[in-house]
Amino acid sequence: MAEQDSEHRGPAEFAEAWKARLAALLAQETVEVSGWSDIAIAELDTDLGWSLYAAASRARAETIARATATPSRHRGRDDGPTPSYEFSIAADGDGSLGRVHYAICEPCSVGLLKKISFSPEWHCCGFGTLALRELETRHPALTWYTTGQYTHARGFYERYRHGSDSPWTAQQHPCPHF
Ligand SMILES: [Zn+2]
């Protein structure tokens, strides 16, 4: 997972890397498991290893294909003219894969994307794009901006903004209410 976080692989490349890792493990004669003596890898284990790989790959692909956004939920109770909301990207309604926090200012028609967070195993699966499209669809009249904290994700935002029909501004204080 740590490697995936730094490598930014898409789903197909991630699957390839995972397969190569498993093949290398199964090619060993023995395997060390802490607390156990050396375990010899038998044909049966290799078959089981690949069956598990296939099952996990399928489950992952289905999760990616079925992921949808949950309804927006109001977060703060007394946040004046700039109410905060959040929604999740979830598969089959259970288990959040990641979250989006944002706030809107109706008088100025401005939306602030506060944070998008996905755990490393769900990076590069298209969920960031899904989340931002959803945000724009829910609030089509707003001009969006985000703060400068996303240095590592800047490339993603820049690419996204170019392909988006909603206006995004690089301005850091587009309205006085935030
Ligand atoms: Zn405002």
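Everything numeric in this text was worked out from a predicted model, so none of it was measured.

J.: Explain the pattern of salt bridges to me, please; I cannot follow it from the model alone.
T.: For side chains bearing opposite charge, pairing can occur when the charged atoms are close. With the rule as written, the count across this model stands at three salt bridges. Glutamate 86 is paired through a salt bridge with arginine 73; the nearest N and O atoms lie 2.6 Å apart. Placement of glutamate 86 in strand 5 (residues 84–91) and of arginine 73 in strand 4 (residues 73–74) is noted, with a sequence separation of 13 residues between them. Taking the shortest distance from any N to any O, the salt bridge between arginine 75 and glutamate 86 comes out at 3.4 Å. With arginine 75 in the loop between strand 4 and strand 5 and glutamate 86 in strand 5, this residue pair connects regions lying 11 residues apart in the sequence.

J.: Before we go on, may I ask you to explain the pairing of strand 5 in this structure?
T.: With respect to burial, strand 5 is a largely interior element, eight of its eight residues being buried. Because side chains alternate across strand 5, one face comprises the buried residues Ser84, Glu86, Ser88 and Ala90, and the other comprises Tyr85, Phe87, Ile89 and Ala91, equally buried. Judged from the three bridges that link them, strand 3 (residues 67–69) and strand 5 form a sheet pairing that is antiparallel. Residue alanine 69 lies in a different strand from strand 5, and its bridge partner there is isoleucine 89. As paired strands, strand 4 and strand 5 are joined by two bridges and run antiparallel to one another. Within strand 5, the residue paired with arginine 73 across the bridge is glutamate 86.

J.: Is there a simple way to think about the coordination of the zinc ion in this case?
T.: Note on metal geometry: ideal angles are 109.5 degrees for four donors arranged tetrahedrally and 90 or 180 degrees for six donors arranged octahedrally. Protein ligation of the zinc ion involves Cys105 (SG), Cys108 (SG), Cys175 (SG) and His177 (ND1), the donor distances falling in the range 2.0 to 2.4 Å. Considering all four donor atoms around the zinc ion, the spread of angles at the metal, 100 to 116 degrees, places the coordination shape in the tetrahedral class. For cysteine 175, a relative accessible area of 5% puts it in the buried group.

J.: What exactly am I supposed to notice about the domain arrangement of the protein chain here?
T.: It is common to give the size of an interface as the accessible area that goes away when the parts come together. We note that the domain assignment places domain 1 (2–67) and domain 2 (68–163) within the protein chain. Its C-alpha centre places domain 1 at a distance of 32 Å from the equivalent point of domain 2. Each partner contributes to the interface: domain 1 provides 11 residues, whereas domain 2 provides 14 residues. Both sides together, the interface formed by domain 1 and domain 2 hides about 1100 Å², and carbon and sulfur atoms give 62% of it. Interface area lost by domain 1 to domain 2 is led by Arg60, Arg66 and Ala67, which between them contribute 44%. Here domain 1 is connected to domain 2 by zero salt bridges. Counting the contacts that link domain 1 with domain 2 gives two residue pairs in polar contact (both at pLDDT 80 or more). Those elements that provide at least two residues to the side of domain 1 that touches domain 2 are helix 1 (2–7) and helix 3 (43–66).

The rules behind these values
Residues numbered from 1 in each chain as written. Predicted model: local features only at pLDDT ≥ 70, side-chain atom pairs only at ≥ 80, totals over all residues. Heavy atoms only, no water. Salt bridge = Lys/Arg side-chain N within 4 Å of Asp/Glu carboxyl O. Helix = DSSP H or I, 4+ residues; strand = E, 2+ residues; numbered from the N terminus. Buried < 20%, exposed > 50% of the residue type's maximum accessible area, 1.4 Å probe, protein only. Pairing = 2+ DSSP bridges. Donors = N, O, S within 2.8 Å, 3.2 Å for Na, K, Ca; no water. Tetrahedral: all angles 85-135°; square planar, octahedral: opposite > 155°, others 65-115°. Domains from an automatic or database assignment. Contact = heavy atoms within 4.5 Å. Buried area = accessible area lost by both parts, 1.4 Å probe. Polar contact = N/O pair within 3.5 Å; in protein donor to acceptor, adjacent residues only side chain to side chain.

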